[in-house]
Amino acid sequence: MNVTKFDEQQRELTEANAAKPAKPVYILAIETSCDETSVAIVENGKIIRSNVISSQIETHQRFGGVVPEVASRKHVESITWMLEEAVEEAGISLQELSAIAVTEGPGLIGALLVGVVAGKALACALDLPLIGVHHIAGHIYANQLVHELEYPLISLVVSGGHTELVLLEEPGKFRIIGRTRDDAAGEAYDKIARAMGLPYPGGPHVDRLAQEAESEIKLPRSWLEADSYDFSFSGLKSAVLNVVNQSKMRGEAVQTAQIAKGFQASVIDVLVEKASRAVREYGAKQLLLAGGVAANKGLRSVLAERCAELGVPLLVPPHALCTDNAAMIGAAAFLKWDKQEFDSMELKAEPQLKLEEW
Ligand code: KG4
Ligand code: ZN
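Residues numbered from 1 in each chain as written. Chains lettered and ligands numbered in written order. Predicted model: local features only at pLDDT ≥ 70, side-chain atom pairs only at ≥ 80, totals over all residues. Heavy atoms only, no water.

Per an unreviewed UniProt entry, the recorded name for the protein chain is tRNA N6-adenosine threonylcarbamoyltransferase, and the organism is Paenibacillus planticolens. For the protein chain, the Subcellular location (unreviewed entry) comment in UniProt is given as "Cytoplasm". The Catalytic activity (unreviewed entry) field of the UniProt record for the protein chain holds the comment "L-threonylcarbamoyladenylate + adenosine(37) in tRNA = N(6)-L-threonylcarbamoyladenosine(37) in tRNA + AMP + H(+)". (UniProt positions renumbered as here; feature names shortened; annotations may be inferred.)

Within strand β7 (residues 163-168), six of the six residues are buried, which leaves the element mostly enclosed by the surrounding structure. Residues of β7 alternate between two faces, with Thr163, Leu165 and Leu167 on one and Glu164, Val166 and Leu168 on the opposite face, all of them buried. Bridge analysis of strand β6 (residues 153-158) against β7 gives six bridges, and the strand direction is antiparallel. Counted as the bridge partner of Ile154 is Leu167 from β7. The turn linking β6 back onto β7 is made up of four residues. In this sheet, strand β8 (residues 174-179) lies alongside β7 in antiparallel orientation, the contact comprising five bridges. Its bridge partner lying in β8, Leu165 is registered against Gly178. Between β7 and β8, which pair antiparallel and follow one another directly, the connecting turn spans five residues, one of which, Gly172, has a positive phi of 75°. (Buried < 20%, exposed > 50% of the residue type's maximum accessible area, 1.4 Å probe, protein only. Helix = DSSP H or I, 4+ residues; strand = E, 2+ residues; numbered from the N terminus. Pairing = 2+ DSSP bridges.)

In this section: the UniProt feature "binding site: substrate" (unreviewed entry) in the protein chain. As recorded in UniProt, the feature "binding site: substrate" (unreviewed entry) lies at Val157, Val158, Ser159, Gly160, Gly161, Asp190, Gly203, Asp207 and Asn296. With respect to the secondary-structure elements, Gly161 resides in the loop between β6 and β7. Taking the relative accessible area as the measure of exposure, Gly161 reaches 54% and is therefore exposed. Structurally, Gly203 is set in helix α7 (residues 203-212). Exposure remark for Gly203: the relative accessible area of 16% places this residue in the buried category. Sequence-distant contacts of Gly203, defined by excluding residues within four places in its chain, comprise Tyr189 and Asp190. (Contact = heavy atoms within 4.5 Å.)

If you want it as structure tokens, here you go:
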């Protein structure tokens, strides 16, 4: 009889628990790896409760690129008020937070340090678990904030510092199948833009000019070995610099728009071809675009056409989630929360952190 009573109590308890919605997991995330300071609060790795971003672009513009020391100082100036604003905007109290996440690498050492120190201080003061996050995992998982992910998937990561094809057979298991051997795609965009006198960051300007131009200057494509998923953009960059210098030497106007169109066509051709080959070879259910260059209109439209032909959905985050932001860090941090894998107060900023080892 007693046993039966216990079973009944247990059943009632289980039913009551099942009816009760699970307590939401709120992760406060910090991103300071380069020239954007950002703090976000993300619910269950999927819902953005706040995502405050302060870009330093205007500060670095006059130098034509990011100045690391200036970036660190700007992060220090912004981080405290941004933390307060992110909490206020989310409308939740500090006591409701479940964990603190912070980008631990890769990135600029001084810039990363500001976030890591802030993250540790908060985790320590609030007695919360600490989660160090890989920046590129963040870019990839930005897609989780707006889409349902299905595995296996291929992610084409194209940012200012990275160009990689990443295979994910299951959540959080990253395998890099191709990477750039020299410049990242965004870096090449920024360098050729600078040579043509366009403002920093050059990517959006080259993208716009490429859409506007009616004709293009033909430029080379770097395919590398037939079976390789690696990329190389330095030859293309040099070809652009040659065209620009020759025009200047002849005293002719630089055909900025036609060069932009030719450059963009070359970059897109190689990215789309290799990404779609990877989708076929690995039987991917989705292709995810990630990183700052994912904002590129030309790349999005050609990739969308190719994916339609392949019958595989192309997932792209909205513009604000393509470039650096902390919500994507909160989304990726949830992978570690799920496994209850936390970092200690020994967490360090790792400028060369490897995605496959994260
Ligand atoms: O991901 P992100 O914000 O920072 C890094 O982690 O590197 O990417 C910034 C890069 C810059 O190189 C910028 O020029 C490029 O993304 N970018 C673009 C576009 N918008 C941003 N490149 C091409 N077309 C765009 N529309
Ligand atoms: Zn980034």
